[in-house]
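Spelled out from the first residue to the last, the chains are:
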Amino acid sequence: MKTIWKFPLAIVETQDVLMPDLTKILTVQMQGDVPCLWAECMPSKQVYLQDIYIVRTGRKIPNEVSIYIGSFQKDGFVWHVYAGKYPS
């Protein structure tokens, strides 16, 4: 059965997030002072490390990005969140 999981993010250029296989990333939003990513997950599936990229407006987007997830605002800046290519 699918469930929705929350993954708190650090505001860093790149990070690995441990999530189950066949995860569908839904959105990224602020919850309090923390940017969080929400995703539909199949908890019974094997987990993998998903690369997440956070890019501030005006900065270069890494070539490794695959999917735009969303944007959020914090401390006067706008940040844009991307998922990396799905691991093979």
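Basis of the calculations
Residues numbered from 1 in each chain as written. Predicted model: local features only at pLDDT ≥ 70, side-chain atom pairs only at ≥ 80, totals over all residues. Heavy atoms only, no water. Core = buried A, V, L, I, M, F, W, Y, C linked by side-chain atoms within 4.5 Å. Buried < 20%, exposed > 50% of the residue type's maximum accessible area, 1.4 Å probe, protein only. Helix = DSSP H or I, 4+ residues; strand = E, 2+ residues; numbered from the N terminus. Contact = heavy atoms within 4.5 Å.

### Points about the nonpolar core
One finds Phe7, Leu9, Leu37, Ile52, Ile69 and Val81 to be the most contacted residues of the largest nonpolar core, which totals 16 residues. Of all the elements in the fold, those that place two or more residues in this core are strand E2 (14-20), strand E4 (34-41), strand E5 (47-56), strand E6 (65-74) and strand E7 (77-84). Apart from residues lying up to four places away in sequence, Phe7 is in contact with Val17, Leu18, Met19, Pro35, Cys36, Leu37, Ala39 and Cys41.

### Topic: unusual backbone geometry
Residues other than glycine predominantly adopt negative phi, and peptide bonds predominantly adopt the trans conformation. The phi dihedral of Leu22 is positive, around 65°, even though this residue is not glycine. Turning to its location among the elements, Leu22 is positioned in the loop between E2 and strand E3 (24-31).

### Description of the environment of Met19
Within the secondary structure, Met19 is located in strand E2. Classification of Met19 as buried rests on a relative accessible area of 0%. It is 8.8 Å that separates the C-alpha atoms of Met19 and Phe7, two residues lying twelve residues apart in sequence.

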